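# Secondary and tertiary structure notes
The residues making up each chain are set out below.
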Amino acid sequence: MKHLLTRFVLPLLVATFAWQSTAMAGVVGTEAMLQAEAAPHADDRQTIDAMLARDNVRAQMQALGIDPAVAEERVAGLSDAEAAHLAANIEDAAAGGDALAVVGVVFVVLLILEAVGVTDVFKAI
Amino acid sequence: MSRCAWRSATALAVVALSGCALRGPAPGDLAQAPAELAATPFFEQRVDHCGPAALATLLVDSGRTELTPDALSPVLFVPERAGTLRTELLAVSRAQGRVPLTINGSMDGLLAALDAGYPVLVLQNLGVRWIPRWHYAVVVGVDAERGTVVLRSGREPRRHAPIDIFLRTWARSDYWGMVVSAPDAAPPFAQPLQWLRAAAPAESAGQTGLALAAFTTAVTRWPELALAHAALGNAHYAMGDTAQARRYWQDALRLNPDLQTARDNLAATAPD
């Protein structure tokens, strides 16, 4: 169910969201225009408030350890579609950052994977 | 054993048997490998701060010479995730006045960018899917003789990663890569829609000046492209100049009478 939600429903919401949010203001912005050109028939759109998405991301950022004032600035720098995307995906989004906490047998497996060239965990950083 | 782990175990067995089981894009024509971008700066990363280090590398290379990873960390680093999100790499590039162009995820796309002089920030998973170790690094060259990709990575200013291993680690992010460009000079390899898509988010992110500059570039470079004129109209509208916006929307409609958004925007702003 989660899988289905992530794969189909959320992307659809994200894709239709920007169109809707700017359409309500009367003039369609470029981000929404390009999406409309790419998928002209994606019109079973649902209304997601742009403000709501931004509030959501701001709250999630704070929960992830970002200072409230800085979170405000970071959210302001996102586009409507990016805010909607992060609101739906921030938990799953890959965060590049090297963290690797492994013990015991997993470590041994990684050593083997490294030896046969599947991973590059130990040398790269 | 989870399905994911099982698949990886199977992959391991196949790798062990054949030596090369994971398919990547063709390595391109390495005989034509572009010269290494030796002038690209290097910032040694702090633990978990590969995102700020990699983006600072690109931004400083693009002329924002005063920037440092430490200056970018407060707006890029996510403490509880011990890392940086791709979306924010794009957002912060724009906030710093640069158009972040995600590249065609392939070795050919990578080589085209290097050939034009643009270092490429890539997202790699140095581990495996079930024990991920996501890492940002900057590709500055390809060493055809040694069969390696040359990276600014972690604490290494010139890390040589064997091409096959590099491709495997890069494939795990679906070959995600980006370059940054000044808004008034689109890279030669930029495709028109790719350029417009890279700049479009600036409009609703409070970076309208960047959008205006990037769309002006688009109209100059692709004068027949209706979408570029429409986008420039949108940027003018976002900056409060409705009269100018309407002129560009009208230009867009002349080039493509079927461009509905330009027609709608003209209707929405029609004088009473």
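A brief report on the enclosed structure follows. The model shown is predicted, which means the values in this text are computed figures rather than measured ones.

### A few points about the pattern of salt bridges
All names here are of chain A. With the rule as written, the count across this model stands at 12 salt bridges over all chains. For R54, the salt bridge is made with D80, and the minimal N-O distance between the two is 2.9 Å. Taken together, the residues span a long stretch of sequence, with R54 in helix 3 (residues 50–63) and D80 in helix 5 (residues 80–89) at a distance of 26 residues. For the pair shown, R54 and D80 are each scored as buried. Residues joined by salt bridges that share partners form a network here, namely D55, R58 and E72.

### Observations regarding the interface of chain B and chain A
Each partner contributes to the interface: chain B provides 64 residues, whereas chain A provides 53 residues. Between chain B and chain A lies a buried interface of about 4900 Å² when both sides are counted; carbon and sulfur atoms form 60% of it. Linking chain B to chain A there are 3 salt bridges. A salt bridge links E82 of chain A to R94 of chain B; the nearest nitrogen and oxygen atoms lie 2.8 Å apart. The leading source of residues in the side of chain B that touches chain A is helix 4 (residues 86–95) of chain B, at 6 residues. Residue composition of the side of chain B that touches chain A, by class: 36 nonpolar, 15 polar and 13 charged. In the sheet, strand 1 (residues 95–96) of chain A pairs with strand 2 (residues 83–85) of chain B via 2 bridges, with the strands oriented antiparallel. Among the inter-strand pairings, G96 of chain A is bridged to a residue of strand 2 of chain B, identified as T84 of chain B.

### Remarks on the pairing of strand 7 (residues 156–162) of chain B
All names here are of chain B. Of the strand pairs in this sheet, strand 6 (residues 148–153) and strand 7 are connected by 5 bridges, and their pairing is antiparallel. Bridge pairing in strand 7 links S153 to E156. Linking strand 6 back to strand 7 in an antiparallel pair, the connection comprises 2 residues, with G154 at a positive phi of about 60°.

About the criteria used
Residues numbered from 1 in each chain as written. Chains lettered and ligands numbered in written order. Predicted model: local features only at pLDDT ≥ 70, side-chain atom pairs only at ≥ 80, totals over all residues. Heavy atoms only, no water. Salt bridge = Lys/Arg side-chain N within 4 Å of Asp/Glu carboxyl O. Helix = DSSP H or I, 4+ residues; strand = E, 2+ residues; numbered from the N terminus. Buried < 20%, exposed > 50% of the residue type's maximum accessible area, 1.4 Å probe, protein only. Contact = heavy atoms within 4.5 Å. Buried area = accessible area lost by both parts, 1.4 Å probe. Nonpolar A, V, L, I, M, F, W, Y, C, P; charged D, E, K, R; others polar. Pairing = 2+ DSSP bridges.

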